[in-house]
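# Structural overview for review
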Amino acid sequence: ISMLFLTLLLFLALFPGAFSCCTKMSDEIPRGILRRVERFEIQKADGLCHLEAVILYIGRKKFCVSPQIRKVKTWMKKNKHKIPRKKSHGRRQRRRRIIKKKEKKQ
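Small disclaimer: the values here were computed from a predicted structure and weren't measured.

Conventions and cut-offs
Residues numbered from 1 in each chain as written. Predicted model: local features only at pLDDT ≥ 70, side-chain atom pairs only at ≥ 80, totals over all residues. Heavy atoms only, no water. Disulfide = S-S within 2.5 Å. Helix = DSSP H or I, 4+ residues; strand = E, 2+ residues; numbered from the N terminus. Buried < 20%, exposed > 50% of the residue type's maximum accessible area, 1.4 Å probe, protein only. Pairing = 2+ DSSP bridges. Axes fitted to C-alpha atoms, helices over the stretch in contact; angles between N-to-C directions. Polar contact = N/O pair within 3.5 Å; in protein donor to acceptor, adjacent residues only side chain to side chain.

### So, the state of the cysteines
Within this structure, the stated rule accounts for two disulfides. Disulfide pairing places C21 opposite C49 at an S-S distance of 1.9 Å. In this structure, the disulfide formed by C21 and C49 twists by about -65° around the S-S bond and is classed as left-handed. Highlighted residues: C21 in the loop between α1 (2-14) and α2 (31-36) and C49 in the loop between β1 (39-43) and β2 (53-58), separated in sequence by 28 residues. Residue C21 is classed as buried on the basis of its relative accessible area of 12%. C22 shares a disulfide with C64; S-S distance 1.9 Å. Taking the sign of the S-S torsion, -70° for the link of C22 and C64, the bridge is left-handed. A residue pair is termed long-range when its members are at least 10 positions apart, and C22 in the loop between α1 and α2 and C64 in strand β3 (residues 61-65) qualify at 42 residues. Each member of the pair, C22 as well as C64, is classed as buried. Sequence-ordered numbering of the disulfide-bonded cysteines in the protein gives the connectivity 1-3, 2-4.

See below:
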């Protein structure tokens, strides 16, 4: 039993995203759910994940839907700001620099 446990730990260490992939997805999504989505991610069909999907997050729940749904495509275009970004402070810092330059000129 201990060898199986060690193998599982090794697998989790080497492939941390293996259990976060969508394995099933819905072909329909109610508008009420789309209105409550806090953020979304796009899962590509490469590497460990074998399905192309859109992952919608509402609180701690996640819903996997097909990226081919017209409703979802339209919603994603309107809500691009809900994709998690690595740099979230770039624009704010630029504004501060501009404001500081204006203050120095006066």
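Having seen the model, we can carry on.
### A closer look at the sheet that holds β2
Within a sheet, adjacent strands bond to each other through the backbone by hydrogen bonds, running parallel or antiparallel. Read across the sheet, three strands follow the order β1-β2-β3 without closing on themselves; strand pairing throughout is antiparallel. Two strands close off the open sheet at either side, each with one partner strand: β1 and β3. Geometrically, the sheet is characterised by an average inter-axis angle of 25° between neighbouring strands, direction not taken into account. When β2 meets β3, the two strands line up antiparallel, connected through five bridges. When the bridges of β3 are listed, Y57 appears paired with K62.

### Comments concerning the side chain of N79
Looking at where N79 falls in the secondary structure, it is placed in the loop between α3 (70-78) and α4 (90-105). Only 2.8 Å separates the side chain of N79 from the backbone oxygen of W75, close enough to count as a polar contact.

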